Amino acid sequence: MSATSYSGVVSQTKLLGSNLNCSTHRRFPTSCSLSEGSQDLEKSTSQMFLSSCSSTSDKRNGMLGRSRHCSPIEKRNPVGQTFCSVGVCTHSGVDVESNLHATEERVGVLLLNLGGPDTLDDVQPFLFNLFADPDIIRLPRLFRFLQKPLAKLISVFRAPKSKEGYAAIGGGSPLRKITDEQADALKMALKAKNMPVNVYVGMRYWYPFTEEAIQQIKRDRITRLVVLPLYPQFSISTTGSSIRVMQNIFREDDYLSRLPVSIIKSWYQREGYIKSMADLIEKELASFSKPEEVMIFFSAHGVPVSYVENAGDPYKDQMEECIYLIMQELKARGTFNEHTLAFQSRVGPVQWLKPYTDEVLVELGQKGVKSLLAVPVSFVSEHIETLEEIDMEYKELALESGIENWGRVPALGCTSSFIMDLADAVIEALPSATAMSTSRNTSEAVDQDPMRYVIKMFFGSILAFVLLLSPKMLVAFRNKLF
Ligand SMILES: C=CC1=C(C)c2cc3[nH]c(cc4nc(cc5[nH]c(cc1n2)c(C)c5CCC(=O)O)C(CCC(=O)O)=C4C)c(C)c3C=C
Ligand SMILES: [Fe+2]
């Protein structure tokens, strides 16, 4: 279990004290709508979610819930929906007044991350977990029963290609080690700020699973929890998926459903993060012989276009705003380089966010760009997409395309200014923690009706057959798009 050693008792006085510091660290207030995420998120305002999750790879489906309280700056839009002007959202449902009588708090911080295979043998089962996630392959409701067979098929087809990538970076993902180091660093930073906490790591697709971290939180009798996804920008496919898993578990459990929780849904707009990114960029630029001629090339992990256009994923908007803020910070420091944003790592036969990183690199080379600094911007640890895709594949492509000087900004990792800012984010979020809602999901009720279930399975099977044998799917497998 990845909880760091525990001394997490904090007095109520300290908690209330931290409240006074709320939002003083932000220079860039941005709108963080609570409908952040999909329309599914919107719809499920008071719904709860399918299936309890085991600690293994299966039983991982359900619907994503939504927060209704915002803190510390709560606003209403013209149609009366609540939104918050910073990225901290908390759950409503059970009044936390009673908790305020407590004299001692045991504070927990849950870091959410994607997880990665520790060895090459883990690659296929890791991919199965990933593709079995209904937030990664979004099948129409009628097809949901196909999620696992499809995940099995795609993971088996994809595994050889993925294994090559993991083999090239040492035989496994560095994510677990780096995330554990970040957890330790955050714990130390919070301790230094007089906020002793227990920090837990919960991965979505590999060990230590989110489910395990939550069981540890329960065993430790944590009384207040801040959830901090290690993705600066919100996407349905990352933070949204992890939160859904959490909500599934919390709903089913008496203790957890009463636990005051605050979820920091996105934090790309935080001053500390923006400045830390600008520091790293400035430092790498200085290593070029003519820094002012270097093109700053932001490369973000992509998502399918349908997430943004149909499901309302705010990921693209947040990414663009994030890049704008980093460039503003650089300009304020007197750095006026040209920059561009592209999206990498597409999988499967659908349209992903454009422009694609590989295509832009070729175009830039053709246009005569000679020096380029790649900046991975959707993730804060080194991982397969920085170490293999950017450092090997894209570098080679760029050099072949005429770019002569190549550099890459490292991921933030445990950079102290960044960790300090995460610690501030936790402190700011803590006072607004409230218990999660416990109402039930309507789609679960539908699944419990046997007649509806039979009809669904009958029509679903026919549609599934058509889908799997559709020319698009067959071509995708043949052309190794998975
Ligand atoms: C913000 C970050 C990420 C988004 C958005 C995201 C969406 C997304 N990813 C896939 C498919 C794969 N992702 C894989 C690895 C992977 N993805 C992220 C981050 C985001 N994914 C990270 C950090 C990692 C690396 C983990 C590691 O082990 O280092 C993989 C496996 C690797 C590979 O085969 O390429 C797949 C597959 C989809 C389909 C998706 C959005 C729908
Ligand atoms: Fe991914």
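Here the structure is a predicted model, which is why all the values come from computation and not from measurement.

Rules and cut-offs
Residues numbered from 1 in each chain as written. Chains lettered and ligands numbered in written order. Predicted model: local features only at pLDDT ≥ 70, side-chain atom pairs only at ≥ 80, totals over all residues. Heavy atoms only, no water. Helix = DSSP H or I, 4+ residues; strand = E, 2+ residues; numbered from the N terminus. Buried < 20%, exposed > 50% of the residue type's maximum accessible area, 1.4 Å probe, protein only. Contact = heavy atoms within 4.5 Å. Areas by Shrake-Rupley, 256 points an atom, 1.4 Å probe, with all protein chains shown as cover. Near = heavy atom within 4 Å. Polar contact = N/O pair within 3.5 Å; in protein donor to acceptor, adjacent residues only side chain to side chain. Nonpolar A, V, L, I, M, F, W, Y, C, P; charged D, E, K, R; others polar. Core = buried A, V, L, I, M, F, W, Y, C linked by side-chain atoms within 4.5 Å. Pairing = 2+ DSSP bridges. Axes fitted to C-alpha atoms, helices over the stretch in contact; angles between N-to-C directions. Salt bridge = Lys/Arg side-chain N within 4 Å of Asp/Glu carboxyl O. Phe/Tyr/Trp six-rings, centres within 6.5 Å; stacked < 30°, edge-to-face > 60°. Lys NZ or Arg CZ within 6 Å of the ring centre and 35° of its normal.

Asks: Explain the overall build of the protein chain here, please?
Replies: On a plain count of helices and strands, the protein chain comes out with 17 helices and 14 strands. Looking at the 482 residues of the protein chain, the share that counts as buried comes to 56%. Summarising the internal contacts of the protein chain: among those between residues at least 6 apart in sequence, 82% fall at separations of at least 24. For the protein chain, the accessible surface area stands at approximately 19900 Å², while carbon and sulfur atoms represent 55% of it.

Asks: Is there a simple way to explain the site of ligand 1 in this structure?
Replies: For ligand 1, the set of nearby residues contains 30 residues, the closest of which are Arg158, Ser162, Tyr166, Ser173 and Ile384. Taking Ser162, its side chain carries an N or O atom lying 2.4 Å from an oxygen atom of ligand 1. For ligand 1, an oxygen atom lies 2.9 Å from a polar atom in the side chain of Ser173. Notes on ligand 1: free accessible area 800 Å², of which the protein chains cover 97%. Mapped by element, the contributors of at least two residues to the shell around ligand 1 are helix H3 (123–131), helix H4 (147–168), helix H7 (236–251) and helix H13 (384–400). Partitioned by chemical class, the residues of the shell around ligand 1 number 18 nonpolar, 10 polar and 2 charged.

Asks: What is the right way to read the nonpolar core from this model?
Replies: Generally speaking, soluble globular proteins have nonpolar side chains that are buried together. The biggest cluster of nonpolar side chains holds 61 residues, and the ones touching the most others in it are Leu190, Tyr273, Ile281, Phe298, Ile326 and Val377. Those residues within four positions of Ile281 in sequence are excluded, and the remaining contacts are Ile296, Phe298, Ile326, Leu330, Leu373, Val375 and Val409. Grouped together as the second largest cluster of nonpolar side chains are 24 residues, Ala132, Ile137, Ala151 and Trp352 included.

Asks: Hey, could you run me through the sheet that holds strand S13 (residues 371–376) in this one?
Replies: Each strand in a sheet pairs with another by means of backbone hydrogen bonds, the pair being arranged parallel or else antiparallel. As summarised here, the arrangement of the 4 strands in space is S12-S11-S13-S14, forming an open sheet in which the pairing is parallel. Edge positions in the sheet fall to strand S12 (339–344) and strand S14 (405–408), since each has one partner strand and no second. Ignoring strand direction, the axes of neighbouring strands in this sheet form an average angle of 25 degrees. Here strand S11 (residues 295–301) runs beside S12; their pairing, made up of 6 bridges, is parallel. Bridge assignment links Phe297 to a residue of S12, and that residue is Thr340. Running at roughly 155 degrees to S11, helix H11 (residues 315–332) makes contact with S11 and S12 of the sheet. Packed on one face of the sheet, H13 meets S11, S12, S13 and S14 and runs near 170 degrees to S14.

Asks: Mind showing me how you'd approach the pattern of salt bridges here?
Replies: The tally for this structure, following the rule as stated, stands at 20 salt bridges. Between Glu105 and Arg224 there is a salt bridge, and its shortest N-O distance comes to 3.0 Å. Pair noted here: Glu105 is in strand S7 (residues 104–113) and Arg224 is in strand S9 (residues 224–229), with a separation of 119 residues, a long-range link. Among the ionic pairs, Lys218 bridges to Asp253, the shortest N-O distance being 2.5 Å.

Asks: What is the right way to look at the packing of aromatic side chains in this model?
Replies: One pair of aromatic rings is described through two measures. These are the centre distance and the angle between the planes. Summed over all chains, the structure comprises 7 aromatic pairs. Ring geometry for Phe126 versus Tyr205: centroids 6.5 Å apart, planes at 75 degrees, classification edge-to-face. Here Phe126 is found in helix H3, whereas its partner Tyr205 is found in the loop between strand S8 (198–203) and helix H6 (210–219), with 79 residues between them in sequence. Summarising the burial analysis for this pair, Phe126 and Tyr205 share the class buried. Ring plane angle 90 degrees and centroid distance 5.4 Å describe the contact between Trp267 and Tyr273, whose orientation is recorded as edge-to-face. Trp267 gets classed as buried once you look at its relative accessible area, which sits at 1%. Among the aromatic residues, those joined into a ring-pair cluster are Trp206, Tyr207 and Phe209. Above the face of the Tyr307 ring, Arg138 is positioned so that its terminal group lies 5.4 Å from the ring centre. Over the ring of Tyr255 we find Arg221, and its NZ or CZ is 4.2 Å from the ring centre.

Function cannot be read off these values alone, since they describe shape.
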